Amino acid sequence: MEWLEDLIAVAETGSFSEAAERRLLTQSAFSRRIRQIEDHVGVELFDRSRKPVQLQRTTEAQRDRILQIIRTLRQLVADLRSGSQIADSHVVLASQHALTTSRTPRLLQGVLARDASITIRLRSANFDDCYGQLLARKADIALVYRIEGIAPEVEADYLETFELGQDRLIPVHAAARRADHLRDRAMGLLPIVSYPDAVFLGQVMNLLILPKLPPPLQAVQRVETALTLAAQEMAQVGIGTAWIPESLARDRIADGGLIDFSDDLPSCDLAITAMRLAGSKSSSEEAVWTELVGG
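Residues numbered from 1 in each chain as written. Predicted model: local features only at pLDDT ≥ 70, side-chain atom pairs only at ≥ 80, totals over all residues. Heavy atoms only, no water.

*Asks:* So what exactly am I meant to see when it comes to the overall build of the protein chain here?
*Replies:* Along the protein chain, the regular secondary structure elements total 13 helices and 11 strands. Along the three orthogonal principal directions, the C-alpha set of the protein chain runs to about 110 × 40 × 30 Å. A buried classification covers 42% of the 295 residues belonging to the protein chain. Of the roughly 15600 Å² of accessible surface on the protein chain, 50% is carried by carbon and sulfur atoms. (Helix = DSSP H or I, 4+ residues; strand = E, 2+ residues; numbered from the N terminus. Buried < 20%, exposed > 50% of the residue type's maximum accessible area, 1.4 Å probe, protein only. Areas by Shrake-Rupley, 256 points an atom, 1.4 Å probe, with all protein chains shown as cover.)

The structure is reproduced here in structure tokens:
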């Protein structure tokens, strides 16, 4: 680009000395650079026999093209610099599905209120996928629920973890179908919306919820889903009792659509945890992490 700008400077001023001044070079240094350009191209680009100095006819024919290339290169440099700034301010955050709906928006609101230059790409996934994205460096930070003793254990030298707060996994049922729920329980049956065994909340259900059902109550699976939002909607229409994070179900309970049965059915605490890989960080990632753990 500098070579092309040198050529145009001579063409516009008609003088090597004035062009050198415009290009902030001594005349001797500028003359050497012009000669270097001509040596590289293999032809003389200027008619030095004429005053003012003019481009050779073949060079003049390419003048518009040279100007267009200069504009294109300048834009390319600007775009590369802008892209670098965007990359530096870009943070990828993986969030467990239930948190994406309930807690993550408020957490991110605080982050962005503090620094509006940061751009966050939010990826909603189950626990295993959030953890996997973190380990594969496809996410910078993961926000997940954790319960001590439930796999996978994430304490390791290569991970930083911080507990952001507490939630609870609670049993809810449609308020409009309360009579059906109580009738089923009187018969020793508890229709439920369950989670797959392979996902985090499925493990929680199998280890900490279902074994603690008061006898002689027996769980009867009606529907299985990996999505807590779907489980909540199925509970809302009366398909069965679903165990939902309290932060997600709170508004539905408050408006009377759902009933919280945690007084007589088992529930368990959930730790809201931020995780990231140890090591050097971008300034934007560090800012997001600091806001999360400090807020």
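There's plenty left to go through after this.
*Asks:* Honestly, the packing of aromatic side chains in this entry has me stumped. Any pointers?
*Replies:* The description of an aromatic ring pair uses the distance of the two centres, along with the angle that the planes make with each other. Summed over all chains, the structure comprises three aromatic pairs. Plain terms: the ring middles of F127 and Y131 are 6.4 Å apart, the flat faces sit at 35 degrees to each other, and that makes the pair tilted. Residue F127 and its partner Y131 are located together in helix α8 (residues 127–135), separated by four residues, close to a single helical turn. Across this residue pair, the class does not change: F127 and Y131 are buried. Between the aromatic rings of F127 and F200, the centroid separation amounts to 5.1 Å while the plane-to-plane angle is 15 degrees, which identifies the pairing as stacked. (Phe/Tyr/Trp six-rings, centres within 6.5 Å; stacked < 30°, edge-to-face > 60°.)

*Asks:* Help me out: how do you make sense of α8 in this one?
*Replies:* In an α-helix, one turn spans 3.6 residues; hence positions three or four apart end up facing the same way. Buried within α8 we find F127, C130, Y131, Q133 and L134. Buried residues of α8 fall within an arc of 160 degrees about the axis and therefore sit on the same side. Packing partners of the buried residues in α8 comprise β3 (90–96), β4 (119–125), β5 (141–146), β6 (159–174), α10 (200–209) and β11 (268–277). Capping the start of α8, N126 holds a side-chain oxygen 3.2 Å from the backbone nitrogen of D128, two or three residues further along. At the exit of α8 stands R137, carrying a positive phi of roughly 60 degrees. (Arc of directions from axis to C-beta. Contact = heavy atoms within 4.5 Å. Polar contact = N/O pair within 3.5 Å; in protein donor to acceptor, adjacent residues only side chain to side chain.)

*Asks:* I tried to follow unusual backbone geometry on my own but got confused; where do I start?
*Replies:* Peptide bonds are, in most cases, trans, and in most cases residues other than glycine have a negative phi. Omega for the bond connecting P215 with P216 falls within 30 degrees of zero, at 5 degrees, which places this linkage in the cis form. Mapping P216 onto the fold places it in the loop between α10 and β8 (218–224). Phi at L24 takes a positive value of approximately 60 degrees, unusual for a residue other than glycine. With respect to the secondary-structure elements, L24 resides in the loop between α2 (16–22) and α3 (27–41). Despite not being glycine, R137 shows a phi value in the positive range, around 60 degrees. In this structure R137 comes out as exposed when scored by relative accessible area, which is 64%.

*Asks:* What is the right way to read the side chain of H181 from this model?
*Replies:* For H181, the location among the structural elements is in helix α9 (residues 178–186). With near-sequence residues (within four places) excluded, H181 lies in contact with H173, L190, T241, F261 and L265.

*Asks:* Sorry if this is basic, but what is going on with helix α12 (residues 246–254) here?
*Replies:* Among the residues of α12, S247, L248 and A249 are the ones counted as buried. Phi turns positive, to about 90 degrees, at G256, one or two residues after α12.

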